[in-house]
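An overview of the molecular structure
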Amino acid sequence: MNLHEYQGKELLKRYGVKVQEGHAVESVDAAIEAAKQLKNERDAHIWVVKAQIHAGGRGKGGGVKVADTLDKVKEKAEQILGMNLVTPQTGAQGKRVNKVLIAEDMYYGEAKDRHEYYMSVLLDREKKRNVIIYSAEGGMDIEEVAAKTPEKIFKEWVDPATPLEPFQARRIAFNLGLTGDAYKNMVRFVTMIYKAYVELDATLIEINPTLKTSDNKIVAVDAKVKLDDNALIRHKEYADLRDITEEDPAEVEASKYNLNFIKLFGNVGCMVNGAGLAMATMDMIQLAGGSPANFLDVGGTANAQTVEAGFRIILSDPNVKAILINIFGGIVRCDRVAQGIIDAYNNIGEIKVPIIVRLQGTNADVAKEMIDKSGLKVYSAIELKEAAELVSKVVAAA
Amino acid sequence: MSVLVNKNSRIIVQGFTGQEGTFHAEQMIEYGTNVVGGVTPGKGGQSHLGKPVFNTVEAAVKATSADVSIIFVPPAFAADAIMEAAEGGIKVIVCITEGIPVQDMIKAKQYIAQFDCRLIGPNCPGIITSEEAKVGIMPGFVFKKGTIGIVSKSGTLTYEAADQVCRAGLGISTAIGIGGDPIIGTTTRDAVELFMNDPETKGIVMIGEIGGGMEAEAARWIKANGNKKPVVGFIAGQTAPPGRRMGHAGAIIGGKDDTAIAKMNIMRECGIAVAESPAVIGEMMAKEVKS
């Protein structure tokens, strides 16, 4: 689950991590109030207005602006709230900004006394350990740093049986070239970040930039935090942090039926049981001359209700010119799925796009007979190869 | 022969009396699998499906000499069940549970490394040795006895491949579903190595998907060990949108071998026959074995 910057910072603060303080707001009036409040609380006289969306590169798209008067806070908040923010990570369609974070400015004092670092914690799948990735080249696109100057990226792997040990935290601070108070503050900062990562059951904490201020504080100016969906069972309080306005409406609808759905941009919709077979089916659609409109795994409990919900979600996409249903029945019985297809057809009414149904496995023959006898205008197949040929035929005719 | 499990394996079910455990244990027994008992804490001393129930794995192993365990325990407790199985003396631990928190699996993986055991999964369909032992949730009827080993990250794609292999006139020695989670016990390479060393297995189907570097690792191992048996490979996710699962920084680690196309190229370079479409896995395997 992705969190907004302001949510991530709130959680990190609970672990003693120093963050750039601020207040998240949804209106221009509230933005001005937040700026005044920061002035009273933190003696802020320069503010940063930051769009809160689930995508990076916000500054590049005009979603982060500095204001040095309250009038300018108003002006910037007016510009950013409600804008359609396009960044390198949002895709061309962009994302609507519903919230802004009014934050204090941390770039006070002389530029030469400040420095931006990069820091993240995530799982290294190869080593099966959590790793802290860090660099003195912060504030910019870390993938670019990794590609051009890999020697400037450091990694520290942590034993799962222990916390981040003090010698490791010291090594990180030394590798970043820090001394004195800044060194001590970095040791504390990275120790707390790692503790937060483990205790929050995060899958990613990325702080870019991690700022050394001109008075040697180490501060999280940004925070990208992802929580492990599997671990929400033991962190029920975090379920409220989900922002469904950030998700595709069709994906939100699908999740209500326990369907694993991802919207894509092609012309052939598909409904499959199992994630691997679903991806393979998408590949097959492409090889057959089509292009997948979605990923949809109906899971191990495909029944009339889920099949109908899947149909409706796929059909809500006007780009869809054909639908392929590919079920390999194991525990899922094909005759039940066939009944689901027949029911869905009757409930939805007229379905104008051609449907290809491939049912294989448990009771496949019974299912095919049911479909054939139902009078539904569907193309039915038993082997995957036949289904691929039917996709080619249908796409060519569309 | 075959690998990991056979008709002599002595199997216990952890989470035996739960809904999932009960349903699949029944199916396993019906297939002819030698299920010798089960574990449900607090229900020790009872009998379930005609088999004894124990409070702990340790007690179950002592009483039944079990050497294989299959786990149907809810996600919050599954990593603990894996550690209990390892400590209790189980040699092959198959964890079906989906949705185990990553931090739990990191700990469990390190903990079980001190024992002489092998973990399959989690989040996997299990293992089946055709017509001998089904330690998993796969539809048994698809797997006809034969000489092809299958290793796969995905459940239904394993059944699909097995079905095609059988229709092509071959059969399956053992199929291993290694699971799709970021942290798993047995890797593609481990499974391939088992098949390469199994005299009964004459060819291998290796099915992977986007993410991680396991298929590339297995492919390089196959080449380094002289391509002793024909291997057909398939990678699902050529059309998957990038960046939907891994974070920004995640691309730094293992990023280069991550995409379907990159993996397929590495497999080809290592002498593996790559199926572009999932519909031709069976016929390609038949061709490879005959040539």
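Residues numbered from 1 in each chain as written. Chains lettered and ligands numbered in written order. Predicted model: local features only at pLDDT ≥ 70, side-chain atom pairs only at ≥ 80, totals over all residues. Heavy atoms only, no water.

1. Concerning the overall build of chain B
- Secondary structure summary: chain B contains 9 helices and 14 strands in total.
- Considered along the principal axes of its C-alpha atoms, chain B spans approximately 55 × 45 × 30 Å.
- When burial is assessed residue by residue, chain B has 62% of its 291 residues classed as buried.
- Sequence separation of at least 24 residues holds for 73% of the intrachain contacts in chain B that already meet a minimum separation of 6.
- Carbon and sulfur atoms provide 51% of the accessible area of chain B, an area that totals close to 10600 Å².
- A distance of 4 Å separates the average location of the 27 positive side-chain charges in chain B from that of its 29 negative side-chain charges. (Helix = DSSP H or I, 4+ residues; strand = E, 2+ residues; numbered from the N terminus. Buried < 20%, exposed > 50% of the residue type's maximum accessible area, 1.4 Å probe, protein only. Contact = heavy atoms within 4.5 Å. Areas by Shrake-Rupley, 256 points an atom, 1.4 Å probe, with all protein chains shown as cover. Lys, Arg positive; Asp, Glu negative; His and termini not counted. Charge placed at Lys NZ, Arg CZ, Asp CG, Glu CD.)

2. Some points on the overall build of chain A
- From N to C terminus, chain A includes 12 helices and 18 strands.
- Projected onto its principal axes, the C-alpha coordinates of chain A cover approximately 80 × 50 × 40 Å.
- For chain A, buried positions account for 53% of its 398 residues.
- For chain A, restricting intrachain contacts to residue pairs at least 6 apart in sequence, the fraction spanning at least 24 positions comes to 66%.
- Carbon and sulfur atoms make up 49% of the accessible area of chain A, which totals about 17300 Å².
- Side-chain charges of chain A comprise 51 positive and 56 negative groups, with the mean position of each set lying 1 Å from the other.

3. What to know about the packing of helix α5 (residues 166–175) of chain A against helix α6 (residues 180–199) of chain A
All names here are of chain A.
- It is at 9 Å that the axes of α5 and α6 come closest, and there the two elements cross at 125°. In terms of axis orientation, α5 runs oblique to α6. When the axes of α5 and α6 are compared, the crossing they make is right-handed. Only Tyr-183, Met-186, Val-187, Val-190 and Thr-191 of α6 make contact with α5, whose side of the interface consists of Ala-169, Arg-170, Ile-172, Ala-173 and Phe-174.
- Looking at the contact of α5 with α6 residue by residue, the classes come out as 8 nonpolar, 1 polar and 1 charged. (Axes fitted to C-alpha atoms, helices over the stretch in contact; angles between N-to-C directions. Parallel < 35°, antiparallel > 145°, perpendicular 65-115°, else oblique. Left-handed = near helix turned anticlockwise from the far one by under 90°. Nonpolar A, V, L, I, M, F, W, Y, C, P; charged D, E, K, R; others polar.)

4. Structural notes on the nonpolar core
- Grouped together as the largest cluster of nonpolar side chains are 101 residues, with contacts concentrated most on Ile70(B), Val94(B), Phe143(B), Val192(B), Val205(B) and Met206(B).
- Core analysis: the second largest hydrophobic core is formed by 68 residues, Ala196(A), Ala220(A), Ala66(B) and Ile82(B) among them. (Core = buried A, V, L, I, M, F, W, Y, C linked by side-chain atoms within 4.5 Å.)

5. Some details on the side chain of Thr90(A)
Residue and element names in this part refer to chain A.
- In this structure, Thr-90 sits in the loop between β4 (84–85) and β5 (95–96).
- Here Thr-90 falls in the buried class, since its relative accessible area comes to 9%.
- At 2.9 Å, the side chain of Thr-90 and the backbone nitrogen of Thr-87 are in polar contact.
- Contact partners of Thr-90, with chain neighbours within four places excluded, come to Ile-53, Ala-55, Leu-85 and Lys-95. (Polar contact = N/O pair within 3.5 Å; in protein donor to acceptor, adjacent residues only side chain to side chain.)

6. Notes on the sheet that holds strand β14 (residues 273–274) of chain B
Residue and element names in this part refer to chain B.
- Reading across the sheet, the 7 strands line up as β9-β8-β11-β10-β12-β13-β14 and stay open at both edges, with mixed pairing between neighbours. Because the sheet does not close on itself, it has two edges, and the strands there are β9 (133–136) and β14.
- Helix-sheet contacts for helix α6 (residues 188–196) involve β10 (145–152), β11 (172–177), β12 (203–209) and β13 (231–236), and the interaxial angle to β10 is about 165°.
- Sheet strands in contact with helix α8 (residues 260–269) are β12, β13 and β14, and its direction is about 170° off that of β13. (Pairing = 2+ DSSP bridges.)

7. Thoughts on the sheet that holds strand β5 (residues 68–71) of chain B
Residue and element names in this part refer to chain B.
- What the 7 strands build is an open sheet, ordered β3-β4-β2-β1-β5-β6-β7; its pairing is mixed. The open sheet has two free edges, formed respectively by β3 (47–48) and β7 (118–120), since each of these has just one partner strand.
- Pairing between β3 and strand β4 (residues 51–54): 2 bridges, direction antiparallel. Each bridged residue has a counterpart across the sheet, and for Ser-47 the counterpart in β4 is Pro-52.

8. Considerations on α6(A)
Residues and elements named next belong to chain A.
- With 20 residues, α6 extends 29 Å between its outermost C-alpha atoms, agreeing within 8% with the 28 Å of an ideal straight helix rising 1.5 Å per residue.
- Taken residue by residue, α6 has Ala-182, Tyr-183, Met-186, Val-187, Phe-189, Val-190, Ile-193, Tyr-194, Ala-196 and Tyr-197 as its buried positions.
- Where α6 ends, the next residue or the one after it, Asp-201, has phi of about 55°, a positive value. (Expected span 1.5 Å × (residues − 1).)

9. Here we look at the packing of aromatic side chains
Residue and element names in this part refer to chain A.
- Going through the model one piece at a time under the given rule, you end up with 6 aromatic pairs over all chains.
- Between the aromatic rings of Phe-311 and Tyr-345, the centroid separation amounts to 6.3 Å while the plane-to-plane angle is 80°, which identifies the pairing as edge-to-face. Placement of the pair is Phe-311 in helix α9 (residues 304–315) and Tyr-345 in helix α10 (residues 334–348), with a sequence separation of 34 residues. Each member of the pair Phe-311 and Tyr-345 is classed as buried. (Phe/Tyr/Trp six-rings, centres within 6.5 Å; stacked < 30°, edge-to-face > 60°.)

10. Structural notes on the pattern of salt bridges
- Tallied over the entire structure, the rule returns 40 salt bridges over all chains.
- Of the charged contacts in the structure, one is a salt bridge between Glu160(B) and Arg358(A), with a shortest N-O distance of 2.6 Å. One end of the pair, Glu160(B), is in helix α5 (residues 155–167); the other, Arg358(A), is in strand β17 (residues 355–361), on a second chain.
- One salt bridge in this structure joins Asp163(B) and Arg167(B), with 3.0 Å as the shortest N-O distance. A residue pair is termed a helical-turn pair when its members lie 3 or 4 positions apart in one helix, as Asp163(B) and Arg167(B) do in helix α5 at 4 residues.
- Taken together, the shared-partner salt bridges connect Glu5(A), Lys9(A), Lys50(A), Arg58(A) and Asp222(A) into one network. (Salt bridge = Lys/Arg side-chain N within 4 Å of Asp/Glu carboxyl O.)

11. Concerning unusual backbone geometry
- For the bond running from Asn208(A) to Pro209(A), omega is 5°, close enough to zero to count as cis.
- Tracing the backbone shows Pro209(A) in strand β10 (residues 202–212).
- Here Leu49(B), not a glycine, exhibits a phi torsion of approximately 55°, which is positive.
- Assignment of secondary structure puts Leu49(B) in the loop between β3 and β4.
- Of the residues examined, Leu49(B) reaches a relative accessible area of 30% and is grouped as partly exposed.
- In this structure, Asn123(B) takes a positive phi of about 55° despite not being glycine.

12. Re the pairing of strand β6 (residues 100–104) of chain A
Residue and element names in this part refer to chain A.
- Taken across its 5 residues, β6 has 5 buried, putting it largely inside the fold.
- Every second residue of β6 is oriented toward a common face, with Val-100, Ile-102 and Glu-104 on one face and Leu-101 and Ala-103 on the other, all of them buried.
- In terms of strand pairing, strand β1 (residues 22–25) meets β6 through 4 bridges, oriented antiparallel. For His-23, the partnering residue across the bridge sits in β6 and is Ile-102.
- The pairing of strand β2 (residues 47–51) with β6 spans 5 bridges and is antiparallel.

13. Examining the packing of helix α7 (residues 214–224) of chain B against α8(B)
Residue and element names in this part refer to chain B.
- Between α7 and α8, whose axes approach to 9 Å, the crossing angle comes to 5°. The angle between the axes of α7 and α8 places the two elements in the roughly parallel class. Of α8, the residues touching α7 (which contributes Glu-215, Ala-216, Ala-219, Arg-220 and Lys-223) are Lys-263, Ile-266, Met-267 and Glu-269.
- Here the contact of α7 with α8 is composed, by residue class, of 4 nonpolar, no polar and 5 charged.

14. Side note on the domain arrangement of chain A
Residue and element names in this part refer to chain A.
- As far as domains go, chain A holds domain 1 (1–19 + 109–247), domain 2 (21–105) and domain 3 (248–397).
- Contacts between the two partners involve 4 residues from domain 1, matched on the other side by 4 residues from domain 3.
- In this assembly, domain 1 packs against domain 3 so that about 260 Å² is buried in total across both faces, 56% of it on carbon and sulfur atoms.
- When the buried area of domain 1 at its contact with domain 3 is split by residue, Arg-242, Ile-244 and Glu-247 rank highest and sum to 100% of it.
- Across the contact surface, domain 1 and domain 3 share 0 salt bridges.
- Put simply, domain 1 and domain 3 have 0 residue pairs in polar contact (both at pLDDT 80 or more) between them.
- Of the residues that constitute the side of domain 1 that touches domain 3, the class distribution is 1 nonpolar, no polar and 3 charged. (Domains from an automatic or database assignment. Buried area = accessible area lost by both parts, 1.4 Å probe.)

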